[in-house]
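Notes for the structure review
Below are the chains, spelled out letter by letter.
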Amino acid sequence: MAKQESSMSKEPAHKKNQHVESAEISGQSQSLHNLTEKTECEKGKTCSTGPTDQRSKPHMKWKSSGISASQSSDKVRKKYSEGEGKSRTGSLPAKKKASGKSKSVKIQETSKCKASISLEDSESSSETDEDEHPVRRQEGGSDLSAEYWGIQKLAKYVKGGDPTATLIALCSMRDFNLSEETCQLAIKDTGCLEVLINLLDTEEIKCQIGSLKILKEISQNILIRHAIADLGGLEIMVKILDSTDTDLKCLAAETIANVARFKRARKTVRKHGGIKKLVELLESISVASSYQVKDTETVRCAALALWSCSKSIKNKKAIRKAGGIPLLARWLKCSHANILIPIVGTLQECASEPSYRLAIRTEGMIETLVKNLSSEHEELQMHCASAIHKCAEDEEIRDLVRKHEGLQPLSALLDKSENKQLLAAVTGAIWKCAMSRENVLKFQEYKTVETLVTLLTDQPEEVLINVIGALAECCQEEENRGTIRRLGGIAPMVTLLTSTNPALLVNVNKAVGGCAMDPENMAIIDSLDGVRLLWSLLKNPNPEVQASAAWALCPCVENAQNSGEMVRSFVAGLELLVNLLKSKDKEVLTSICAAIANIAKDEENLAVMTDHGVVPLLSKLANTNNNKLRRHLAEAIAHCCMWGSNRVAFGEAKAVAPLARYLKSKDPLVHRATAQALYQLSEDPNNCVTMHENGVVKLLLAMVGSTDDILQEAAAGCIANIRRLALATEKAKYG
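Everything numeric in this text was worked out from a predicted model, so none of it was measured. (Residues numbered from 1 in each chain as written. Predicted model: local features only at pLDDT ≥ 70, side-chain atom pairs only at ≥ 80, totals over all residues. Heavy atoms only, no water.)

It is worth spelling out the overall build of the protein chain at this point. Helix and strand counts for the protein chain come out as 47 helices and zero strands. When burial is assessed residue by residue, the protein chain has 53% of its 735 residues classed as buried. The contacts in the protein chain between residues at least 6 apart in sequence include a share of 74% that link residues at least 24 apart. Only carbon and sulfur atoms are counted for the fraction: they give 50% of the accessible area of the protein chain, which is about 33,100 Å². (Helix = DSSP H or I, 4+ residues; strand = E, 2+ residues; numbered from the N terminus. Buried < 20%, exposed > 50% of the residue type's maximum accessible area, 1.4 Å probe, protein only. Contact = heavy atoms within 4.5 Å. Areas by Shrake-Rupley, 256 points an atom, 1.4 Å probe, with all protein chains shown as cover.)

Have a look at this one:
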């Protein structure tokens, strides 16, 4: 070749150009065909030789795309007739970027990008980035497959060929099963990935399409996703979204959807304006228009990319700012399942944000989501149920689901228990919808509780969390507590108390506590050692588990036969309970106060808790503004006053003055509990003086006329004690 080039340099320019052009095109096509034949033989395919003119034709896949050798050659003649000094790697306008210099620049940019990862990347809301830290597979050159070596041979033509040779090489590469990891990593290891990305920056649309078709397939691989982001591929793909070629935009959007599965990639798409461009793709097609295949594909690919990007909080805001919500609502009304799935997927990701839930409600999307629960596509049903699950955090949306008759299809979907992903989404939606009493009554009609009980065993944790959560809400109705008992649901519930999953434990505690409100259920729970298991969960390091266990203990203590003795049977149980008053978590403190209020009804248990220092610990909590904590703290103080000199001890611990301020709260339940506590504390003269100094009498006088009998009686009793002390003092003073 060197000799050929030196001899060619002596020829006239016009002859030399023709010679180089024909030699390169036909020569590369011929050698590439030979390589393709060789590769196919290695794959075990039958090889046959044919005329040279047939062998240099493009692959059939490119014929269907409108690419032919003659078209490519015409373009090549125009580009390459300008001079012989251009190297083969410079055949495409941007292929210069495939040089080593460019590669080093890209790598430097990558290192900068990695170094810039800060707290801003901690923006993921509803997903776990399983590919955030990819692990390279074991290197083993000795056992690499024929496909690996075949791709390696093709790579040199992709790297150094003219447009025709590059196209044929890309076509041949697509003959391999690019979904296999061996083929994916072969492209990466041979340095072909960098060239594929550089091809995206050329002016040759056919080369861009060919490159994107391969990148779309191989970007399913975790390592390649990261490599594409590292090499600046996402930035180029975002630019391609402005292209006038529909196929090119679709491929770019779908590849972005594959790559943007980790935080840094999603951030890159947002920083380079990708979110706005993807939203514009949704807007460019009218829902009312007669659908063309390309139109539906454009919307589908754009929605897929938005779905991947929507897993980040900042991207959700970017979608909203770009006007994405009305467009998602508009496309939600279309009838194409392949469009609906990514549209609903995007909505269910964004539904974790209150602003999106408001928009979903006001844009009338709940009705459409409910309608699609009856779709024949299980994946669409799953995403609709998941969207309802997240949206039903809001009471208004729970009411809308009931209004649009969505509870019945949700109950019916429980029968598809073999599809665990669908089952998890449906049970999640039922759980959240059951937070409204009206919905629980509807579920009773549809026999939903009976079906949920059958799902308490042999299910993945994700399903169990939702099933138990739904039953916990349904347990608030007496009829459902009886149903669970009759169907044998209490035993599997108690068994789940030994789980280690915090989310599951929180729901199990609530469900067991709900069942314990029925004395018959409580007897079964006690016989299964359920109370002991609940008590042991007070040691759990998770505050939510501690709080839910303490709340569950309240009805257990209240409805158990001989509850005082049952509590004392737990070795060091009361000490553990009292020590939890040192917790920093408000919900834990509130639940522990509620448990102490119930346990302190037994005199012996109260004496033990007093010995463990319950009085000073309760007194330290008195200066709180949390009404829920105030209520249960006041109840605990009221019951703890019943033993020995605890009334005096509360006064000495300065708990009386803060309690007096509770009467200014607007919560009537706080008023009732506080009045009871003050009534008990007023049995001590010094406490009466403190109450009088803090203006208790005037506030209590207004409460004497309350319609709440307990509050009325406690307020009157406290005023009476204060008045008696005042009379006794006056009598002692004046005789």
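Next, the rest of the story.
Within soluble globular proteins, side chains that are nonpolar tend to cluster in buried spots. In this structure, Ile187, Leu193 and Leu618 are the most contacted members of the largest nonpolar core, which totals 221 residues. Among all residues touching Ile187, those that are not within four sequence positions of it are Ile151, Met173, Leu178, Cys192, Leu193, Leu196, Ile214 and Ile218. (Core = buried A, V, L, I, M, F, W, Y, C linked by side-chain atoms within 4.5 Å.)

Moving on: the packing of helix α22 (residues 365-372) against helix α23 (residues 378-391). Relative to each other, α22 and α23 sit at 140°, their axes nearing to 8 Å. Our classification of the angle between α22 and α23 gives oblique. Of the two possible hands of crossing, α22 and α23 adopt the one that is left-handed. Touching Ile366, Leu369, Val370 and Asn372 of α22 are Leu380, Gln381, Cys384, Ala387, Ile388 and Cys391, all from α23. For the contact of α22 with α23, the class distribution of residues is eight nonpolar, two polar and no charged. (Axes fitted to C-alpha atoms, helices over the stretch in contact; angles between N-to-C directions. Parallel < 35°, antiparallel > 145°, perpendicular 65-115°, else oblique. Left-handed = near helix turned anticlockwise from the far one by under 90°. Nonpolar A, V, L, I, M, F, W, Y, C, P; charged D, E, K, R; others polar.)

Moving on: the packing of aromatic side chains. Applying the stated criterion to the full structure yields one aromatic pair. The ring centre of Trp431 lies 4.1 Å from the NZ or CZ of Lys432, which sits over that ring. (Phe/Tyr/Trp six-rings, centres within 6.5 Å; stacked < 30°, edge-to-face > 60°. Lys NZ or Arg CZ within 6 Å of the ring centre and 35° of its normal.)

We now examine the pattern of salt bridges. Applying the stated rule across the entire model yields 19 salt bridges. A salt bridge links Glu604 to Arg568; its shortest N-O distance comes to 3.6 Å. Remark: Arg568 occurs in helix α36 (residues 563-568) and Glu604 occurs in helix α39 (residues 603-611); sequence separation between them is 36 residues. Given a relative accessible area of 51%, Glu604 falls into the exposed group. With a closest N to O distance of 3.7 Å, Glu635 and Arg631 form a salt bridge. Taken together, the positions of Glu635 and Arg631, both in helix α41 (residues 627-640) and four residues apart, correspond to about one turn of that helix. Bridged by salt links that share partners, the residues Glu254, Glu297 and Arg300 form one connected network. (Salt bridge = Lys/Arg side-chain N within 4 Å of Asp/Glu carboxyl O.)

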